[in-house]
Amino acid sequence: MSYCSNSGGNTGKTACDLSAIVTVGVIATPKNAVIPAGTENILDFLKSKFKEDNKANRWFPIVDKGWTVTNNSEEPVIGTLGSGYSEKLRDGNAIYKYDLAFSLCKSKSINQFDGWRGGIFLVSKDGRIIGRRQKDGSLAAFIPTSLYTTANPLGDGQNISLISLTANFGDLKLFTEILDVSERIEDVDELNGIIDVELSVAGKASGSVDVLVKTKCDGVNLYDVYASELSAAAAWRLVNATTGVAATVTSVAAQAGTKSFRVTATAGTYKLSLAAISALENAGIEGYESNTITVTI
């Protein structure tokens with residue numbers, strides 16, 4: 001895993017060295033996130049983490065080649081007496097600010113990570129994952145001292161409105177000593193997260209409900225791409241709203257007129273959603289997760 005992990009105190013020149021690394025975003029993770037030593041295909045490993053059914057275990061890529069990075073790291077704090085004696089009181093903190101041209105959907109997504117209490121990996125422009133070196137050769141996520149976001153939704157016609165994400169990694173000296181990088185992945189554009197899907201009721205009939213399936217941000221109707229795949233009962237999840245017990249979807253039929261799906265079940269009040277990410281992927285519908293709505297049939 002380690003590309004350049006030599007951290008001894010000697011100063012001889014080595015063949016293994018890296019210049020300052022330009023980053024293009026972060027991957028938000030649980031605190032205990034680790035890329036194991038010996039991981040043969042890092043990209044495939046990361047993609048599997050992005051698609052975890054359990055959101056508590058999921059990793060979230062916030063990666064874009066459009067990010068502009070500003071190094072806001074602090075200088076060491078130096079104390080000086082009147083006699084001229086001085087000493088370093090503490091090292092400065094490693095602080096990096098990411099700015100991206102504002103878009104409403106992107107901003108709403110990124111704002112969810114304001115005050116993030118989990119871990120984060122950094123992603124370099126040339127496709128390396130940056131984390132903490134571990135004794136077993138694995139790469140662990142950093143635990144930032146703080147991570148916060150800001151956004152400016154209203155423009156002035158003269159300046160580019162920004163979404164900003166700022167990560168404070170604590171002591172800059174320690175951050176440098178523990179930092180390590182993975183082998184390269186081919187293209188950071190492959191680091192894509194899950195797309196939110198919003199269900200809504202288009203109509204009701206005896207024993208059924210018609211449901212629209214659209215992407216949450218831009219309202220793309222998935223009927224146009226997945227009419228056949230979403231017509232399978234296995235692509236849906238139905239839970240009794242009172243008991244919380246899983247219920248059976250009797251059938252699902254595509255409705256061309258409204259570009260919706262007619263979900264049929266026995267009479268009752270239910271919590272309805274699309275199936276888990278992994279189940280949708282098995283059905284040929286990759287990269288989506290829906291909200292849950294209450295329906296009465």
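What comes next concerns the included structure. (Residues numbered from 1 in each chain as written. Predicted model: local features only at pLDDT ≥ 70, side-chain atom pairs only at ≥ 80, totals over all residues. Heavy atoms only, no water.)

### Topic: the overall build of the chain
Then, number 1: Within the chain one finds five helices and 22 strands.
Then, number 2: What you see for the chain is a C-alpha radius of gyration of 24 Å, clearly larger than the 19 Å of a compact globule of 297 residues, by over 25%.
Then, number 3: By its C-alpha atoms, the chain is 90 × 50 × 35 Å across when sized along the principal axes.
Then, number 4: Of all intrachain contacts in the chain linking residues separated by at least 6 positions in sequence, the fraction that spans at least 24 positions is 68%.
Then, number 5: Here the chain contributes 28 positively and 32 negatively charged side chains, and the mean placements of these two sets differ by 4 Å. (Helix = DSSP H or I, 4+ residues; strand = E, 2+ residues; numbered from the N terminus. Rg over C-alpha atoms; globule rule 2.2 N^0.38 Å. Contact = heavy atoms within 4.5 Å. Lys, Arg positive; Asp, Glu negative; His and termini not counted. Charge placed at Lys NZ, Arg CZ, Asp CG, Glu CD.)

### Here we look at the side chain of Asn221
Then, number 1: Among the structural elements, Asn221 can be located in the loop between strand S15 (208-215) and helix H4 (223-226).
Then, number 2: Contact partners of Asn221, with chain neighbours within four places excluded, come to Leu212, Val213, Lys214 and Lys259.

### Observations concerning the sheet that holds strand S16 (residues 236-240)
Then, number 1: Reading across the sheet, the four strands line up as S17-S16-S20-S22 and stay open at both edges, with antiparallel pairing between neighbours. Strand pairing shows two members of the sheet lacking a second neighbour, strand S17 (246-247) and strand S22 (293-296), which therefore form its edges.
Then, number 2: Sheet analysis places strand S20 (residues 269-274) next to S22, joined by four bridges and oriented antiparallel. Its bridge partner being in S22, Thr269 is matched across the sheet by Thr296. (Pairing = 2+ DSSP bridges.)

### Quick word on the environment of Thr242
Then, number 1: Relative to the assigned elements, Thr242 resides in the loop between S16 and S17.
Then, number 2: Note on Thr242: relative accessible area 72%, which makes it exposed.
Then, number 3: Sequence separation between Thr242 and Thr269 is 27 residues, and the spatial gap between their C-alpha atoms is 7.6 Å. (Buried < 20%, exposed > 50% of the residue type's maximum accessible area, 1.4 Å probe, protein only.)

### Digging into the layout of surface pockets
Then, number 1: In this model, the largest pocket occupies a volume close to 1200 Å³.
Then, number 2: If you trace the largest pocket, you find 38 residues lining it, with Cys105, Ser109, Ile194, Ile195 and Asp196 closest to the centre.
Then, number 3: Broken down by secondary-structure element, the contributors of at least two residues to the lining of the largest pocket are strand S3 (60-63), helix H2 (104-111), strand S14 (195-205) and strand S21 (288-290).
Then, number 4: At six residues, the largest contribution of residues to the lining of the largest pocket is made by H2.
Then, number 5: Across the lining of the largest pocket, the residue classes break down as 19 nonpolar, seven polar and 12 charged. (1 Å grid on protein atoms, 1.4 Å probe; cavity = no way out; pocket = protein on both sides within 12 Å on 5 of 7 lines; lining within 4 Å. Points joined across faces, edges and corners; volume = space filled by probe spheres on them. Nonpolar A, V, L, I, M, F, W, Y, C, P; charged D, E, K, R; others polar.)

Nothing here speaks to function; it is geometry throughout.
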